[in-house]
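Summary of structural features
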Amino acid sequence: MPQLKDILYKVSLQSVAGNMETEVTQLAFDSRKVDVGSVFIAVSGTQVNGHDFIDKAIDQGAVAIVCEQLPETTIDDIALIQVADSAEALGVMASNFYGNPSEKLKLVGITGTNGKTTCATLLYQLFRALGYNTGLLSTVENKINDEVIPATHTTPDAITLNKMLANMVAKGCTHCFMESSSHAIVQRRIAGLKYEGAVFTNLSHEHLDYHKTFDEYIKAKKLLFDGLSSSAFSLINADDKRGMVMLQNTKASKHKYALKSLADYKARILSNTLEGLELDINGQNVWFKLIGDFNAYNLLAVLGTAVLLGEDESDVLQELSSLDPAPGRFEQVITETGITALVDYAHTPDALENVLLTIKAFRTGNEKVITVVGCGGNRDTAKRPVMAKIACDLSDKVVLTSDNPRFEEPMAIIKDMQEGVSPSNYKKTLIIEDRKEAIKTAAALAEPKDIILVAGKGHETYQEVKGERSDFDDREILSEMLNLIHKQN
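Here the structure is a predicted model, which means the values were calculated and not measured.

What to know about the sheet that holds strand β20 (residues 397-400)
Neighbouring strands of a sheet are bound in pairs by backbone hydrogen bonds; such pairs are parallel or else antiparallel. The sheet built from 6 strands is open, its strands ordered β17-β18-β22-β19-β20-β21 with mixed pairing. Each edge of the open sheet carries a strand with a single partner, namely β17 (331-333) and β21 (429-431). Recorded for the sheet is a direction-independent mean angle of 20° between the axes of neighbouring strands. Bridge count between strand β19 (residues 369-373) and strand β22 (residues 451-455): 4 bridges; the pairing is parallel. Bridging from a neighbouring strand, I370 pairs with I452 of β22.

In structure tokens:
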């Protein structure tokens, strides 16, 4: 077992008292998980302050306490370590406790509003296809080679994260591709990690319930790049006006990808249909299964990352052309109704607009586009009317409905969305609070050749109401409703 002094390596210490050679069995920032031999790190969270649970941690057997404010009285046989930032210390200590696993594989972080999951998933699939033992940390699922581990957060807490990375190393992984959310970056869950590189996809309106201002959201993403070493690489979308901001203070080598700007990795869209994308990349025509301009950017990000990791461009393009998109990302629901049914995770204005513009690009004009969309509760409220406006402007019929209302009233969320519906769009808009009924209505309104988009939940298989999660899969329900109505007709 490691000693306390070993897991405090590189932690910025303000004061130390007690035996630094104490053996440590585990780390914990949740007092309920403290056991004999634990180090308890008191983190000031968004909802709970760990300093309020120091006494409980000691009662349960903690041998050391790491905190920002020391207890008023010293406790015999308990080491007390004061730090400026407990969350930062937790990340560094977790890395040390698990043997600094990020230094033993090539870890790439992907950040941005949209595209993180697709890029991370494609990179995982690509490197598996290229013959590497590979790890994946994503919104949809975590993987160690072919072993699937359910994902609870876009980026796990520092202890879980380093434990998972250590398991990847133990199972021979040489690479890991990880979504790095703005929440995780600001909360220092990634502190202590060594990145081989970082990728920036794009930035649009999201998470302002947490970051408060768009400027703070930008700064959160930028922290990932600011922390890169001179031996790492940074890769940004040059067509996004915030891309260059990410590169301002980074020590890493700087690289760009783009469709419209000068860049190291550049492509031209030759064909964009429901069957896939054909791109001209360095004079070579390559077909991919993914659909839409936004996926052209994702493919370039993946190509650039793979080449920067030392892979041959021709080998990468060959393997990429056979890969499937991530679950719930512009996913077609196959039925025999003659209706094109699509499910997408689009839960931001930018993502919804991208999906609907992609549909617009391949439609003939003779079919209706019917969109089912809602907004999550206890999240950024400013995007709600914007989402509704985009849906109405780019669809023939829109059903506003519920989408993980959490602790808010669904109709209150829908009312916020209605603020974005212009008088000219009233007639094309329906309000149906029950999401299943909303999807059923969309299915009933559709005729052969029409296009239904159910947006917002994508891969999710639950609906969250009042703290409880119940089974709910847009893909299953859309398929069920279309087939039910088709049989009736």
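Re the pairing of β20
With 4 bridges connecting them, β19 and β20 associate as parallel partners. Bridge pairing in β20 links I370 to K397. Pairing geometry for β20 and β21, over 3 bridges, is parallel. Among the inter-strand pairings, L400 is bridged to a residue of β21, identified as I431. Between β20 and its parallel partner β21, the chain crosses via helix α14 (residues 410-418), and the hand of that crossover is right-handed.

A short note on the nonpolar core
With 37 residues, the main nonpolar core has L126, Y257, L279, F288 and L320 as its most contacted residues. For this core, the element with the most residues is helix α10 (residues 293-308), which contributes 8 residues. Among residues more than four places away in sequence, those in contact with L126 are V302, A306, V316, E319, L320 and L323. Core analysis: the second largest hydrophobic core is formed by 29 residues, L352, V355, C392 and A455 among them.

Quick look at the layout of surface pockets
Taken as a whole, the second largest pocket encloses approximately 540 Å³ of empty space. Looking at the lining of the second largest pocket, the elements that each hand over two or more residues are α3 (86-97) and α8 (214-226). When residues in the lining of the second largest pocket are grouped by element, the largest group, 5 residues, is from α3. Considering only residue class, the lining of the second largest pocket consists of 14 nonpolar, 7 polar and 6 charged.

So, the packing of aromatic side chains
Under the defined criterion, the tally for this structure stands at 5 aromatic pairs. A ring pair is formed by F330 and F362, whose centres lie 6.5 Å apart and whose planes are at 90°; its orientation type is edge-to-face. On the criterion of sequence distance, the pair formed by F330 in the loop between α11 (313-320) and β17 and F362 in helix α12 (residues 349-362) is long-range, its members being 32 residues apart. Each member of the pair F330 and F362 is classed as buried. What links up through ring pairs into an aromatic cluster is the set F127, Y132 and F177. The ring of Y462 has K457 sitting right over it, with the charged end atom 5.2 Å from the ring centre. Its end group placed over the ring of Y462, R469 keeps NZ or CZ at 3.8 Å from the ring centre.

Considerations on unusual backbone geometry
Residues other than glycine seldom take positive phi values, yet D77 does so here, at roughly 70°. Within the secondary structure, D77 sits in the loop between β4 (64-67) and β5 (79-83).

Notes on the confidence of the model for the protein
Residues of the protein with pLDDT of at least 70 account for 97%, and the chain-wide mean is 92. In the predicted structure, residues 207-212 sits below a pLDDT of 50 and forms 21 contacts with residues beyond four places in sequence or in another chain.

Describing the pattern of salt bridges
Throughout the structure, instances matching the rule amount to 21 salt bridges. Its salt-bridge partner being E21, residue K5 comes within 3.8 Å of it at the nearest N-O pair. Of this pair, K5 sits in helix α1 (residues 4-7) while E21 sits in the loop between β1 (13-17) and β2 (26-28), and the two are 16 residues apart along the sequence. Residue classification places E21 among the partly exposed positions, given a relative accessible area of 49%.

Considering the packing of helix α13 (residues 383-393) against α14
Their axes nearest at 6 Å, the elements α13 and α14 cross at an angle of 65°. Here α13 runs over α14; the crossing is right-handed. Between α13, through R384, P385, M387 and A388, and α14, the contact on the second element is made entirely by I413, D416 and M417. Residues belonging to the contact of α13 with α14 are distributed by class as follows: 5 nonpolar, no polar and 2 charged.

About the thresholds
- Residues numbered from 1 in each chain as written.
- Predicted model: local features only at pLDDT ≥ 70, side-chain atom pairs only at ≥ 80, totals over all residues.
- Heavy atoms only, no water.
- Pairing = 2+ DSSP bridges.
- Helix = DSSP H or I, 4+ residues; strand = E, 2+ residues; numbered from the N terminus.
- Axes fitted to C-alpha atoms, helices over the stretch in contact; angles between N-to-C directions.
- Right-handed = clockwise from strand over helix to strand, strands pointing away.
- Core = buried A, V, L, I, M, F, W, Y, C linked by side-chain atoms within 4.5 Å.
- Buried < 20%, exposed > 50% of the residue type's maximum accessible area, 1.4 Å probe, protein only.
- Contact = heavy atoms within 4.5 Å.
- 1 Å grid on protein atoms, 1.4 Å probe; cavity = no way out; pocket = protein on both sides within 12 Å on 5 of 7 lines; lining within 4 Å.
- Points joined across faces, edges and corners; volume = space filled by probe spheres on them.
- Nonpolar A, V, L, I, M, F, W, Y, C, P; charged D, E, K, R; others polar.
- Phe/Tyr/Trp six-rings, centres within 6.5 Å; stacked < 30°, edge-to-face > 60°.
- Lys NZ or Arg CZ within 6 Å of the ring centre and 35° of its normal.
- pLDDT = per-residue confidence, 0-100.
- Salt bridge = Lys/Arg side-chain N within 4 Å of Asp/Glu carboxyl O.
- Left-handed = near helix turned anticlockwise from the far one by under 90°.

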